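One-letter residues, chain by chain:
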Amino acid sequence: MNRSTPLAVVLCLIVALVLTVKIEEHRLNTERSRTVVAALAASNAAAERDSTRALALALLGDSLEVVERQVIQVAQRGDDLDAALKRERKSRYQMSLAVDSRHGTSLAATVHDTVHDMRRASFQLRQPPYTVAADVEMQEHPDSARLSLTEALDPIHLDARLTCAAPDERGIRTATVVAAAPPWANVRFDHVEQSPDLCASPALMRASHSNRHFPQLLIGVGRVMNFRGLASWGLFVGIGTTLWG
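### Some thoughts on the overall build of the protein
- The number of helices and strands found in the protein is three helices and 12 strands.
- Within the protein, the proportion of its 245 residues that are buried is 24%.
- Expressed as a percentage of contacts within the protein between residues at least 6 apart in sequence, the contacts between residues at least 24 apart total 55%.
- Put simply, the protein shows about 17,100 Å² of open surface, and 59% of that area lies on carbon and sulfur atoms.

### Examining the pairing of strand 9 (residues 175–181)
- For strand 9, the tally of buried residues reaches seven of seven residues, placing the bulk of the element in the interior.
- Along strand 9, one buried face is formed by A175, V177, A179 and A181 and the opposite face, lined by T176, V178 and A180, is buried too.
- Here strand 2 (residues 65–73) runs beside strand 9; their pairing, made up of seven bridges, is antiparallel. What sits directly across from Q70, in strand 9, is T176.

### Regarding the side chain of Q70
- Tracing the backbone through its elements, the reader meets Q70 in strand 2.
- Its relative accessible area of 14% is what places Q70 among the buried residues.
- Within the structure, Q70 has its side chain in polar contact with the backbone oxygen of S43 (distance 3.3 Å).
- Not counting the four nearest positions on each side in its chain, Q70 is found in contact with S43, A46, A47, D50, R53, T174, A175, T176 and V192.

### Digging into unusual backbone geometry
- Cis peptide bonds are those with omega within 30 degrees of zero, and the linkage from P128 to P129 qualifies with 10 degrees.
- Position of P129 among the secondary structure elements: in the loop between strand 5 (118–127) and strand 6 (130–139).
- With phi around 60 degrees, K86 is a residue other than glycine that occupies positive phi space.
- You can see K86 is positioned in the loop between helix 2 (80–85) and strand 3 (91–99).
- The exposure class assigned to K86 is exposed, which follows from its relative accessible area of 76%.

### Thoughts on the pattern of salt bridges
- One pass over the full model with this rule turns up 15 salt bridges.
- Note that E68 and R53 form a salt bridge whose closest N and O atoms lie 3.0 Å from each other. Remark: R53 occurs in strand 1 (residues 53–55) and E68 occurs in strand 2; sequence separation between them is 15 residues.
- Judged by its relative accessible area of 33%, R53 is partly exposed.
- Counted as one network, the salt bridges with shared partners bring together D79, D82, R89, R92 and E193.

### Some points on the nonpolar core
- If you look at the biggest cluster of nonpolar residues, it comprises 12 residues: V67, V71, A175, V177, A179, A181, W184, A185, V187, F189, V192 and C199.
- Residue assignment for this core shows that the elements contributing at least two residues are strand 2, strand 9 and strand 10 (185–194).
- Contacts of W184, omitting those with residues within four sequence positions, involve A98, V99, D100, R102, P128, P129, D154, P155 and I156.
- Residues L40, I172, A203 and A207 belong to the second largest nonpolar core, which totals seven residues.

### Structural notes on the side chain of D82
- Looking at where D82 falls in the secondary structure, it is placed in helix 2.
- The exposure class of D82 is buried, given its relative accessible area of 12%.

Basis of the calculations
- Residues numbered from 1 in each chain as written.
- Predicted model: local features only at pLDDT ≥ 70, side-chain atom pairs only at ≥ 80, totals over all residues.
- Heavy atoms only, no water.
- Helix = DSSP H or I, 4+ residues; strand = E, 2+ residues; numbered from the N terminus.
- Buried < 20%, exposed > 50% of the residue type's maximum accessible area, 1.4 Å probe, protein only.
- Contact = heavy atoms within 4.5 Å.
- Areas by Shrake-Rupley, 256 points an atom, 1.4 Å probe, with all protein chains shown as cover.
- Pairing = 2+ DSSP bridges.
- Polar contact = N/O pair within 3.5 Å; in protein donor to acceptor, adjacent residues only side chain to side chain.
- Salt bridge = Lys/Arg side-chain N within 4 Å of Asp/Glu carboxyl O.
- Core = buried A, V, L, I, M, F, W, Y, C linked by side-chain atoms within 4.5 Å.

Geometry only, nothing functional implied.
This is how it looks when you write it as structure tokens:
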């Protein structure tokens, strides 16, 4: 019997064992990836059903109203605005802001202007966020009136931030956009989405890392060397995997 035969058998067994292990690892990684994808889909489904809701935070008192909405975590696709900016978009938060209407009355004493034969009155009304100043002139002959009105709106200070929750039992971190505004400003989130890598869920990171190292079947033709050290042309079959990167 050729002395190289036992060694060849051992090497074949080693290659078969390594290939079996690598295939099993790939199968497990694929199953984990499917589980992670399903977990992220469940989180996004909850985000789709979510709506803008107010938070009761006593530490802020009555000076601010805080609202939030869960964010959908999906890969971002650029639109015309992104193309014009020549930048990569990572998130998109659409919101609307409305200011409540106000109704109020103000009393002021009238002054008789004998020179111009009219009565004048000045009104000042302050109802946050509105500051109203009005001057009224009423002529006696002919019977007419003139109103001069100035209305100012306070600046709307809006504090918006992205928050990432702790990983759940599936390793997914939910993303939530939070906004704080004056109580007279109604903030509503319409559509909010962002790239999954912003909150960097551990499950997604593990799945991405494992998918970069799955084994690949290699088939080729080239110069091969036998156990005697003699080289010749031949067909080779093996497996390969990424070691870094």
